[in-house]
Amino acid sequence: MSNADNTSTVVQSLRAHSGSRVPFSVEFNPPRDAAGEARLWRAAREFERMHPAFVSMTYGAGGSTKDRTARITGQLAQETTLLPVAHLTAVGHSVAELRALVGSYADCGIRNILVLRGDPPGDPLGDWRKHPEGLEYAEELVRLVRDLGDFNVGVASFPQGHHRSPDLETDSAFLAAKLRAGADYSITQMFFDPEHYLRLRDRMAAFDPVQGAKPIIPELMPITSLRTVARAEELSGRALPAAISERLRRAAGTGPEEDRAAVRAAGIEIATEIAQRLIDEGAPCLHFITLNFAKATREVLNNLGYHVTAAPLSA
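The shown structure was predicted, so the numbers you read here are calculated from the model rather than taken from an experiment.

Enquirer: Give me the environment of L291: which residues, what numbers.
Expert: With respect to the secondary-structure elements, L291 resides in the loop between β9 (286–289) and α12 (295–303). Exposure remark for L291: the relative accessible area of 24% places this residue in the partly exposed category. Placed 251 residues apart in sequence, L291 and L40 show a C-alpha to C-alpha distance of 8.6 Å.

Enquirer: So what's going on with the packing of aromatic side chains? Which residues, and what values?
Expert: On inspection of all chains with the given rule, the structure shows two aromatic pairs. Ring centres of F28 and F47 lie 6.1 Å apart, and the angle between their planes is 50 degrees; this geometry places the pair in the tilted category. Here F28 is found in strand β1 (residues 24–28), whereas its partner F47 is found in helix α2 (residues 34–48), with 19 residues between them in sequence. Neither F28 nor F47 differs from the other in exposure class; each is buried. With a centroid separation of 5.9 Å and an interplanar angle of 15 degrees, the aromatic rings of F191 and Y197 are classed as stacked. A residue is classified by how much of its surface remains accessible, and F191, at 3% relative accessible area, is buried. Y197 sits in the buried class, given a relative accessible area of 1%.

Enquirer: I'd love a proper account of the sheet that holds strand β3 (residues 84–89), names of residues and values included.
Expert: Overall, parallel pairing links the nine strands, which are arranged β7-β6-β5-β4-β3-β2-β1-β9-β8 in an open sheet. Each of the sheet's edge strands pairs with one partner strand only, and the pair in question is β7 (216–217) and β8 (219–220). By the bridge criterion, five bridges tie β3 to strand β4 (residues 112–116) in an arrangement that is parallel. The residue bridging L88 from the neighbouring strand is V115, located in β4. Helix α4 (residues 95–107) rests against β3 and β4 of the sheet, and its axis sits at about 175 degrees to β3.

Enquirer: Residues and numbers for the nonpolar core, please.
Expert: Among the nonpolar cores identified, the biggest contains 78 residues, and F28, L76, L141, V145, L248 and L286 are the most heavily contacted of them. Top contributing element to this core by residue count: helix α11 (residues 260–280), with eight residues. Those residues in contact with L286 that sit more than four places away from it in its chain are V22, P23, F24, S25, P218, L220, A275, L278, I279, L304 and Y306. Listed in part, the 15 residues of the second largest apolar core include V11, A53, L114 and F158.

Enquirer: Summarise the pairing of β1; cite the residues concerned and give the values.
Expert: The side chains of a regular strand alternate between both faces of the sheet. Counting buried residues in β1 gives five out of five residues, a clear majority hidden from the surface. Going residue by residue along β1, you find F24, V26 and F28 tucked away on one face and S25 and E27 tucked away on the opposite face as well. Sheet topology places β1 next to β9; four bridges connect them, and they run parallel. If you follow E27 over to β9, its bridge partner there is I289. Relative to strand β2 (residues 55–57), β1 runs parallel, the two sharing three bridges. Opposite E27, over in β2, you have S56 as the bridge partner. The parallel pair β1 and β2 is bridged by α2, and the resulting crossover is right-handed.

Enquirer: Can you break down the packing of helix α10 (residues 242–252) against α11 residue by residue, with the values?
Expert: Two numbers describe a pair of packed helices, the interaxial angle and the distance between the axes. In the contact formed by α10 and α11, the axes pass within 8 Å of each other and the chain directions differ by 155 degrees. Classed by the angle they form, the pair α10 and α11 counts as roughly antiparallel. Like other packed secondary-structure pairs, α10 and α11 cross with a definite hand, here right-handed. Between α10 and α11, the residues in contact are I244, R247, L248, A251 and A252 and A262, V263, A266, G267, E269, I270, E273 and I274, respectively. Its residues assigned to classes, the contact of α10 with α11 shows nine nonpolar, one polar and three charged.

Enquirer: An account of the side chain of S172 is needed here, citing residue identities and associated values.
Expert: Here S172 shows up in helix α6 (residues 168–180). Relative accessible area serves as the criterion here: at 4%, S172 is assigned to the buried category. Not counting residues within four places of it along the chain, the set of residues in contact with S172 comprises R203, M204 and F207.

Each value, and the rule that gives it
- Residues numbered from 1 in each chain as written.
- Predicted model: local features only at pLDDT ≥ 70, side-chain atom pairs only at ≥ 80, totals over all residues.
- Heavy atoms only, no water.
- Helix = DSSP H or I, 4+ residues; strand = E, 2+ residues; numbered from the N terminus.
- Buried < 20%, exposed > 50% of the residue type's maximum accessible area, 1.4 Å probe, protein only.
- Phe/Tyr/Trp six-rings, centres within 6.5 Å; stacked < 30°, edge-to-face > 60°.
- Pairing = 2+ DSSP bridges.
- Contact = heavy atoms within 4.5 Å.
- Axes fitted to C-alpha atoms, helices over the stretch in contact; angles between N-to-C directions.
- Core = buried A, V, L, I, M, F, W, Y, C linked by side-chain atoms within 4.5 Å.
- Right-handed = clockwise from strand over helix to strand, strands pointing away.
- Parallel < 35°, antiparallel > 145°, perpendicular 65-115°, else oblique.
- Left-handed = near helix turned anticlockwise from the far one by under 90°.
- Nonpolar A, V, L, I, M, F, W, Y, C, P; charged D, E, K, R; others polar.

So far we have only geometry, and geometry alone does not tell us how the molecule works.
Here it is as structure tokens:
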């Protein structure tokens, strides 16, 4: 079944889904093998019945998963009722390669692209070096995509500032430049303290009221094990707040192995609390990192009163 609203933009979809509840969206990762791809499709079909505003597909460091990303994102567009957002990074690509990749998305009917400069492969904190025939800044990539067609473009924002920005004012200037270049919204880096998101929103409103009025979508990840704690810190580049780490450590217990059920329950509870604060503060959407599973996100949404009833699909 194809997506009848595949020509919708993210911003249009947010409006369409903004009824009695704040919309939600989800993020998938390109699977590494056939088993992982089967799991992704099970999650996609579950989310399809939960009606997210959109789904995004990430892009491996240095373009390491670009072919799989493009294929699966295209299949989501053509074979489901989900609204897919394709990730695109400048890392390791010439302008010609970027143009070709955007063209391949367009051929699949994909109109929504999340533009990221991306981190160096191998060491995300290492020195940034652009491709000799590539682009230096995400702002340039935004312009490239907009010049290539009628695309809706999103960019990344950083509640605690990007690690390469010398200060928060400079970070605000970079985000405003990406938005002025033609981006329609931003999705934040994952965080675990709602205050960081709220301060980002305040900074942008003060720095550039026009650009600051564009949606800033907060990104969340329900923690389901201590292993996902490490993954969360790796993805965000930031340590969890001490109070949250302590709650998870207490839940894990002092035995030779963590109490997985207790850690998972605490993680779902923490994600619910963060999401509720964001809802209370008027966030335009809740964007969940799913790691290609649906259950944790569904539980958080149920806790928030979304009454998500989509039962898990049989394997």
